[in-house]
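Close look at the chain arrangement
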Amino acid sequence: MRSSAIPQTDLAPSAICLGSSNFGNGIAPADAYQLLDAYVACGGTFIDTAAVYANWLPGEKNSSEKTIGRWLAANGRRDSIVLATKGAHPELATMHVPRMSPAEILDDLETSLRNLQTGWIDIYWLHRDDTARPVAEIIDTLHGQVAAGKIRYFACSNWRAERIAAAQAYAAGRGITGFVANQMRWSLAQIDPAATGDPTTVAMDDVTYAYHRRTELAAIPYSSQAGGYFQKMAQGRAGDVRPNQQKLFGCQENAARLARVQQLAQETGYSVSQLVLAYLTNQPFPTIPIVGCRSVAQVEDSMRAGDVYLTSEQVDWLARGDAQKQ
Ligand SMILES: NC(=O)c1ccc[n+]([C@@H]2O[C@H](COP(=O)([O-])OP(=O)(O)OC[C@H]3O[C@@H](n4cnc5c(N)ncnc54)[C@H](OP(=O)(O)O)[C@@H]3O)[C@@H](O)[C@H]2O)c1
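Let me begin by describing the structure that accompanies this report. Given the structure is predicted, the values throughout are model-derived calculations rather than measurements. (Residues numbered from 1 in each chain as written. Predicted model: local features only at pLDDT ≥ 70, side-chain atom pairs only at ≥ 80, totals over all residues. Heavy atoms only, no water.)

1. Examining the packing of helix H4 (residues 135–147) against helix H5 (residues 161–174)
Interhelical geometry of H4 versus H5 gives an angle of 60° and a closest axis separation of 9 Å. Judged by the inter-axis angle, H4 sits oblique to H5. You can see that H4 and H5 cross each other, and the crossing is right-handed. In this structure, H4 uses Val135, Ala136, Ile138, Ile139, Asp140 and His143 to contact H5, whose residues at the interface are Arg163, Ala166, Ala167, Tyr170, Ala171 and Arg174. (Axes fitted to C-alpha atoms, helices over the stretch in contact; angles between N-to-C directions. Helix = DSSP H or I, 4+ residues; strand = E, 2+ residues; numbered from the N terminus. Parallel < 35°, antiparallel > 145°, perpendicular 65-115°, else oblique. Left-handed = near helix turned anticlockwise from the far one by under 90°. Contact = heavy atoms within 4.5 Å.)

Here is the structure:
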C-alpha cells in the first residue's frame, strides 16, 4: 500500500483511510475490531472517526470513538496510526443550530481525547461550518490546541471554498499552519447535492476542485465509494442498491460512468472497486479517500485500490472530464 503525504504536515498515511461511522452501536465492537485488524494487515495507517458517530443509533454515546479507543489501548498501535476525529457537530435533533463556539470546540476535543484514550489527535476536524463565526476566532482556538500539544494538525469538513480560503488567509497572515485538509462528499458518482437531504454537508464542486488544484490542499473525501453503487450495479445486484442510494446516484450520467468503469476494468484487469477509488487517489492534488466497510472482505477489496496508478487521461475519461462537477 503506497503512502500519501499530506502537504504542510509530516504525516504520510496509507493512500486509503478507514471510516468508522457506525462502529460500536451499528457494527458491534468485536466486528469493528476485525475490520480494524484487517485494515492494518492490508497496510492501512489512517483512521477517521468523529465524536458524533453512531450517536444516531441506540446504545453507548460516542461509540465509534470509544470502540477505536479500546482497540488502540488493547494493541498498543497508537504510534503507528494517523488518528483523525471530528468535533463541533450540531446536536442531531437541531442540525440547523451550529456548535462552534471556542468552548464547544474545546469541550468536544476533551471528550474525544478521553474516548480515544490518547493524549493527542493527529488531525482534528471541524465536522461542520458556522458561517456566522469569524474564521479568526476558529483558527485561533484550534491553533491554541496545537500549541498545547493536544492536536497535531487541524482541518475542515463540509466547508465551502470561500470560507476555507478566508481561514487559510488568516492563518497565513498570522504565520501559522491553517487547515491541512478538507473533507467533503466526493466519489466517481455524480450527485445533486440537494438530494442528500442534509444542507449542512458539502460536496466537491467546480470552485472547490479549482481551489484544491491551485493550493494543493489535501482532499480526504467521504462516501468515496458511493456506498458501493458501482460495484453493486456491475455485479448485477441492483436490488442491493438502497432506495436513498438509487435516488442519489440513479441518473443517466452515472449509468454512463458505470459503463466506462466496466470498460476500463476489462482493459486494465483492475476491479470496479479499485477503479472507483483510484479515480480519487490519482487526482492531480493529494486525495485520500475514506472508505466505509461492513465486512473484512470489503476492507480487503477496497484496500487493493491503494496501489493502482491511472493516467490523468484515464481519470478524466472516467468522469468525462468533469471530475469537479459533482
Ligand atoms: N465528514 C462527514 O460529514 C462524513 C459524512 C459521511 C461519512 N464520513 C466518513 O466517511 C466514511 C465513509 O463513508 P461512507 O460509509 O458513506 O462511504 P462508502 O465507502 O462510499 O460507503 C460504504 C458502503 O459501501 C459499500 N462498500 C464498501 N466497501 C465495498 C466494496 N469493497 N465493494 C462493494 N461495496 C462496498 C458498503 O455497502 P453495503 O453496506 O450496502 O454493503 C458500505 O456500507 C464514514 O465511515 C465516515 O468515517 C464523513
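2. A closer look at helix H2 (residues 63–75)
The terminal C-alpha atoms of H2, which comprises 13 residues, lie 18 Å apart, in line with the 18 Å expected from a rise of 1.5 Å per residue. If you check which residues of H2 are buried, you get Ser63, Ser64, Glu65, Thr67, Ile68, Gly69, Trp71 and Leu72. Buried residues along H2 sit against helix H1 (29–41), strand S2 (46–48), strand S3 (82–87) and helix H3 (102–116). (Expected span 1.5 Å × (residues − 1). Buried < 20%, exposed > 50% of the residue type's maximum accessible area, 1.4 Å probe, protein only.)

3. As for the side chain of Ser273
Within the element layout of this structure, Ser273 appears in helix H10 (residues 272–281). In terms of polar contacts, Ser273 uses its side chain to reach the side chain of Asp301, at 2.6 Å. Residue contacts for Ser273: discarding those within four places in its chain leaves Gln231, Asp301 and Ala305. (Polar contact = N/O pair within 3.5 Å; in protein donor to acceptor, adjacent residues only side chain to side chain.)

4. Notes on the side chain of Gln183
Relative to the helices and strands, Gln183 is located in strand S6 (residues 179–183). Judged by its relative accessible area of 1%, Gln183 falls in the buried class. Residues in contact with Gln183, not counting those within four places in the same chain, are Asp48, Lys86, Trp125, Cys156, Ser157, Asn158, Ile220, Tyr222 and Ile290.

5. A few points about the pairing of S3
Within S3, 6 of the 6 residues are buried, which leaves it mostly tucked inside the rest of the structure. In terms of strand pairing, S2 meets S3 through 3 bridges, oriented parallel. When the sheet's bridge partners are listed, Ile47 is paired in S3 with Leu83. Regarding topology, H2 serves as the crossover connection from S2 to the parallel S3, and that connection is right-handed. The sheet contact formed by S3 and strand S4 (residues 121–126) spans 4 bridges and is parallel. Paired with Thr85 across the strands is Tyr124, a residue of S4. At this point the chain moves from S3, through H3, to the parallel S4, and the crossover so formed is right-handed. (Pairing = 2+ DSSP bridges. Right-handed = clockwise from strand over helix to strand, strands pointing away.)

6. Section: the site of the ligand
Neighbouring the ligand are 30 residues, the closest being Asp48, Ser223, Gln225, Lys232 and Arg294. Interatomic distance of 3.0 Å between a backbone N/O atom of Gly292 and an oxygen atom of the ligand. Sorting the residues of the shell around the ligand by element identifies helix H7 (229–234), strand S8 (290–291) and helix H11 (296–303) as the ones contributing at least two each. No other element matches H11, which puts 3 residues into the shell around the ligand. (Near = heavy atom within 4 Å.)

7. Some words on the pairing of S4
The element S4 is extensively covered by neighbouring structure, given that 6 of its 6 residues are classed as buried. After leaving S4, the chain enters H4 and then returns to the sheet as strand S5 (residues 151–157), a path that is right-handed.

8. Description of the packing of aromatic side chains
Evaluation of the coordinates by the stated rule reveals 9 aromatic pairs. Considering the side-chain rings of Tyr229 and Phe230, the 5.5 Å spacing of their centres and the 80° angle between planes classify their relative orientation as edge-to-face. Here the two residues Tyr229 and Phe230 agree in accessibility, since each one is buried. Through pairs of rings, three or more aromatic residues link up here, namely Trp186, Tyr209, Tyr279 and Phe285. The positively charged end of Arg78 is found above the aromatic ring belonging to Trp120, 3.9 Å away from the centroid. (Phe/Tyr/Trp six-rings, centres within 6.5 Å; stacked < 30°, edge-to-face > 60°. Lys NZ or Arg CZ within 6 Å of the ring centre and 35° of its normal.)

9. Considerations on the pattern of salt bridges
One pass over the full model with this rule turns up 18 salt bridges. Close ionic contact of Asp108 with Arg99 constitutes a salt bridge, the shortest N to O distance being 2.8 Å. Residue class for Asp108 comes out buried when judged on its relative accessible area of 11%. Among the salt bridges present, the one from Asp198 reaches Arg128, with a minimum N-O distance of 3.1 Å. Of this pair, Asp198 sits in the loop between S6 and helix H6 (206–215) while Arg128 sits in the loop between S4 and H4, and the two are 70 residues apart along the sequence. Note on Arg128: relative accessible area 8%, which makes it buried. (Salt bridge = Lys/Arg side-chain N within 4 Å of Asp/Glu carboxyl O.)

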